[in-house]
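# Observations on the model geometry
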Amino acid sequence: MKNIAVLVSGGGTNLQALIDAEKSGIIKSGKINLVISNNPDAFALERAKKAGIKTVVCNKKELGSEFENKLISVLEENETDFIVLAGFMCILSEKFTSHFERKIINVHPSLIPSFCGKGFYGLRVHEAALNYGVKVTGATVHFVNEIPDGGEIIMQKAVEIKDGDTPEILQKRVMEEAEWKILPLSLEKVCSELK
Ligand code: GAR
């Protein structure tokens, strides 16, 4: 059984999908034993507490240059084997990503390599897709390396764009039809393959 840490910043619907997938047996090779948020007000923290999962806040503003060192020490103290970025809005340096090589995955709300990289996060991704006028978007789960959204792709799922979509409507459809499905499936896949 692998110890899984989930890093969050906001609402935590992807965290909820992981908690539910663990309960329903979709995730069976690991257990979420830690949730870390950089944002003390993230609703994701409430979701974790309700599920009985330990929470830690690592406030980037307060920690400054010690932020990643603190993350690493909390992860090591909790014997983390695998890390999921689930709506975690901080870019991690090479020092951090190489410390956990092929042990970090991220969910991104577009079909990488479209609408990804620095500056593309949350609603901005969906705004960019609508502005460009693409007819299909989706979500991607990938390994995390030093290039933002640049690591090896694990799973992708396409989602149709419909007339009248707003960034908010599209975000919800991408979450429901893609993110909440492929994130748990990807986590189970990589955890079960982890030596
Ligand atoms: C999700 O759509 C996630 O894919 C996106 O932020 C949202 C977080 O929602 N992540 C990124 O844009 C990362 N580049 P949640 O807190 O409800 O899971």
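Given the structure is predicted, the values throughout are model-derived calculations rather than measurements. (Residues numbered from 1 in each chain as written. Predicted model: local features only at pLDDT ≥ 70, side-chain atom pairs only at ≥ 80, totals over all residues. Heavy atoms only, no water.)

The biggest cluster of nonpolar side chains holds 34 residues, and the ones touching the most others in it are I4, V6, F82, V84, I105 and L187. Tallying contributions element by element places helix α7 (residues 167-193) first for this core, with 8 residues. (Core = buried A, V, L, I, M, F, W, Y, C linked by side-chain atoms within 4.5 Å. Buried < 20%, exposed > 50% of the residue type's maximum accessible area, 1.4 Å probe, protein only. Helix = DSSP H or I, 4+ residues; strand = E, 2+ residues; numbered from the N terminus.)

This part is about the sheet that holds strand β2 (residues 30-37). An order of β3-β2-β1-β4-β5-β6-β7 is seen for the 7 strands of this open sheet, with the pairing classed as mixed. This sheet does not close on itself; its edge strands, each paired only once, are β3 (54-57) and β7 (153-160). For this sheet, the mean inter-axis angle between neighbouring strands, taken without regard to orientation, is 20°. In the sheet, β2 pairs with β3 via 4 bridges, with the strands oriented parallel. When the sheet's bridge partners are listed, V35 is paired in β3 with T55. The strands touched by helix α2 (residues 43-50) are β1 (2-8), β2 and β3; relative to β3, the strand with the most contacts, the crossing angle is about 155°. The sheet strands contacting α7 are β1, β4 (82-85), β5 (104-108), β6 (136-143) and β7, and the helix crosses β7 at an angle near 160°. (Pairing = 2+ DSSP bridges. Axes fitted to C-alpha atoms, helices over the stretch in contact; angles between N-to-C directions. Contact = heavy atoms within 4.5 Å.)

Lining the immediate surroundings of the ligand are 15 residues, of which G12, T13, N14, G122 and E179 lie closest. Between the ligand and N14 there is a distance of 3.0 Å, counted from an oxygen atom to a side-chain nitrogen or oxygen. Interatomic distance of 3.4 Å between a side-chain N/O atom of H108 and a nitrogen atom of the ligand. Within the complex, the protein chains bury 93% of what would otherwise be the 450 Å² of accessible surface of the ligand. Counting residues per element, the ones that place at least two in the shell around the ligand are α1 (13-24), β5 and α7. Its residues assigned to classes, the shell around the ligand comprises 6 nonpolar, 8 polar and 1 charged. (Near = heavy atom within 4 Å. Polar contact = N/O pair within 3.5 Å; in protein donor to acceptor, adjacent residues only side chain to side chain. Areas by Shrake-Rupley, 256 points an atom, 1.4 Å probe, with all protein chains shown as cover. Nonpolar A, V, L, I, M, F, W, Y, C, P; charged D, E, K, R; others polar.)

With that settled, the discussion passes to the packing of aromatic side chains. Counting across every chain of the model gives 2 aromatic pairs. Here F115 and Y132 contribute two aromatic rings whose centre-to-centre distance is 6.1 Å and whose plane-to-plane angle is 65°, an arrangement assigned as edge-to-face. One end of the pair, F115, is in the loop between β5 and α6 (123-132); the other, Y132, is in helix α6, with 17 residues separating them in the sequence. Classification of Y132 as exposed rests on a relative accessible area of 66%. Against the face of F143 rests R102, its NZ or CZ located 4.3 Å from the ring centre. (Phe/Tyr/Trp six-rings, centres within 6.5 Å; stacked < 30°, edge-to-face > 60°. Lys NZ or Arg CZ within 6 Å of the ring centre and 35° of its normal.)

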